[in-house]
Amino acid sequence: LIEIPPGEKSKKLAVIEDLSARLIELGIGRNGFLLAIGGGVVCDITGFLASVYMRGIRSGFISTSLLSQVDASIGGKNGVNIGNAKNMVGTFSQPEFVLCDPDMLQTLPADEYLSGLSEIIKTGAILDEELFTSIESNYDAIIKRDPGLLRELISRSVELKAFVVNEDEYETGLRRILNFGHTFGHVIETIAGQKHGFAVASGMVLAGNISGRLGLLNPSENERLRKLIERFGLLEVFNIPTGDFISMISRDKKKEEDEINFVLIERIGKAVVKKMKPTDLVQLAGSVNVL
Ligand SMILES: NC(=O)c1ccc[n+]([C@@H]2O[C@H](COP(=O)([O-])OP(=O)(O)OC[C@H]3O[C@@H](n4cnc5c(N)ncnc54)[C@H](O)[C@@H]3O)[C@@H](O)[C@H]2O)c1
């Protein structure tokens, strides 16, 4: 058993180097197997380590956080941060299995649990109105972490993400829709220090507003999105200068020429991707700090 300190600060190359040295010490060869037990940080680090240690050894994940069960451990992306820049060094590499047990979520701190819920709301918003409605109509059971309901929500989210990844493993098309809420969300996460799912929740509200202003999304559907996010307390205040949004979105690693592929929704359950300039995006978002 090798332990790493919890938190994003462990997602760095120095940790990969230390862990590699430990594996060598332990005599782990090319027939070794790495089993990750933890949240997204542990899965990202283990997935990356397994894909580069001795040019690749086998791995499997036991996902213990909601965010990791419905998102981080599915799809084969892994990696570490370089300074403040998230996930800048990593690979695409699939574990042999991912085990998600809803009972493990009972010990998860409330903010971590809600952060994961935000990604389930995202999956419903972009791909599956039925999933979205099920979150709308099961508020109490979700707050109580009802294992039966969680099993359903997690299975559906995994199924949908796996479908998208099977269609487009290397994110050249369909997989881009999974970034709904993430363009603004990453800026909020980095600058305001909010938890991933909370930052993505604000990013989804901004993307909903932009979809509305472009005439794609009608006001009642936009209100539905905002209301659900608000109801779970996912909107937190942040105060980020407009210029910082523009400069950080302009450095987004998913940028192509001077445009980024921005994810909008036409209705709950249907996403569309549009190439947009960061300045236009921030202008359309309006007052970015007032959601
Ligand atoms: N690779 C991908 O496709 C992908 C997708 C989304 C997010 N991510 C990454 O995932 C990371 C976030 O994942 P996370 O939200 O799981 O964070 P995390 O791994 O830091 O876990 C959050 C906290 O919960 C604790 N924890 C985990 N399981 C627990 C349990 N069952 N009971 C009590 N405490 C528990 C952890 O020790 C940690 O303190 C970020 O680094 C993000 O970049 C990756």
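Preceding block: the structure.
Not measured: the values here are computed from a predicted model.

Thresholds applied
Residues numbered from 1 in each chain as written. Predicted model: local features only at pLDDT ≥ 70, side-chain atom pairs only at ≥ 80, totals over all residues. Heavy atoms only, no water. Helix = DSSP H or I, 4+ residues; strand = E, 2+ residues; numbered from the N terminus. Buried < 20%, exposed > 50% of the residue type's maximum accessible area, 1.4 Å probe, protein only. Contact = heavy atoms within 4.5 Å. Arc of directions from axis to C-beta. Polar contact = N/O pair within 3.5 Å; in protein donor to acceptor, adjacent residues only side chain to side chain. Pairing = 2+ DSSP bridges. Near = heavy atom within 4 Å. Areas by Shrake-Rupley, 256 points an atom, 1.4 Å probe, with all protein chains shown as cover. Nonpolar A, V, L, I, M, F, W, Y, C, P; charged D, E, K, R; others polar. Salt bridge = Lys/Arg side-chain N within 4 Å of Asp/Glu carboxyl O.

Considering the side chain of S68
Inspection of the secondary structure puts S68 in helix 3 (residues 66-72). Overall, S68 belongs to the buried group, its relative accessible area being 0%. Beyond its immediate sequence surroundings of up to four residues, S68 is in contact with G38, G39, G40, C43, S63 and S73.

A look at helix 5 (residues 129-136)
The set of residues buried in helix 5 consists of L131, F132, S134 and I135. Around the axis of helix 5, the buried residues are gathered within 160 degrees of arc, so they sit on the same side. Considering only its buried residues, helix 5 is in contact with helix 4 (110-127), helix 6 (139-143), helix 7 (147-167) and helix 10 (219-231). Between the side-chain oxygen at the start of helix 5 and the backbone nitrogen of E130 there is a gap of 3.1 Å, and the oxygen is on D128.

Examining the sheet that holds strand 8 (residues 270-276)
In space, the 3 strands of this open sheet follow the order 6-7-8, with antiparallel pairing throughout. Each of the sheet's edge strands pairs with one partner strand only, and the pair in question is strand 6 (255-256) and strand 8. Sheet topology places strand 7 (residues 259-267) next to strand 8; 7 bridges connect them, and they run antiparallel. Residue pairing for strand 8: I265 is matched across the bridge by A271.

Concerning the site of the ligand
Residues in close proximity to the ligand total 22 residues, the closest being E8, G40, T64, S65 and T107. Within the side chain of E8, a nitrogen or oxygen atom sits 2.7 Å from an oxygen atom of the ligand. In this structure, V41 approaches the ligand through a main-chain N or O atom, which is 3.0 Å from an oxygen atom. Coverage of the ligand by the protein amounts to 79% of the 860 Å² it exposes when considered alone. Mapped onto the shell around the ligand, the elements with two or more residues apiece are helix 2 (40-52), helix 3 and strand 4 (85-89). Counting residues per element, the shell around the ligand draws most heavily on helix 3, which supplies 4 residues. Here the residues of the shell around the ligand are counted per class, giving 7 nonpolar, 7 polar and 8 charged.

Description of the pattern of salt bridges
If you walk through the whole model with that rule in mind, you get 17 salt bridges. Among the salt bridges present, the one from K11 reaches D44, with a minimum N-O distance of 2.8 Å. Of this pair, K11 sits in the segment before helix 1 (13-25) while D44 sits in helix 2, and the two are 33 residues apart along the sequence. D44 matches K11 in its accessibility class, with the two residues each being buried. Note that R224 and E221 form a salt bridge whose closest N and O atoms lie 3.2 Å from each other. Taken together, the positions of R224 and E221, both in helix 10 and 3 residues apart, correspond to about one turn of that helix. Of the two residues, R224 and E221, neither departs from the other in class, the shared state being buried.

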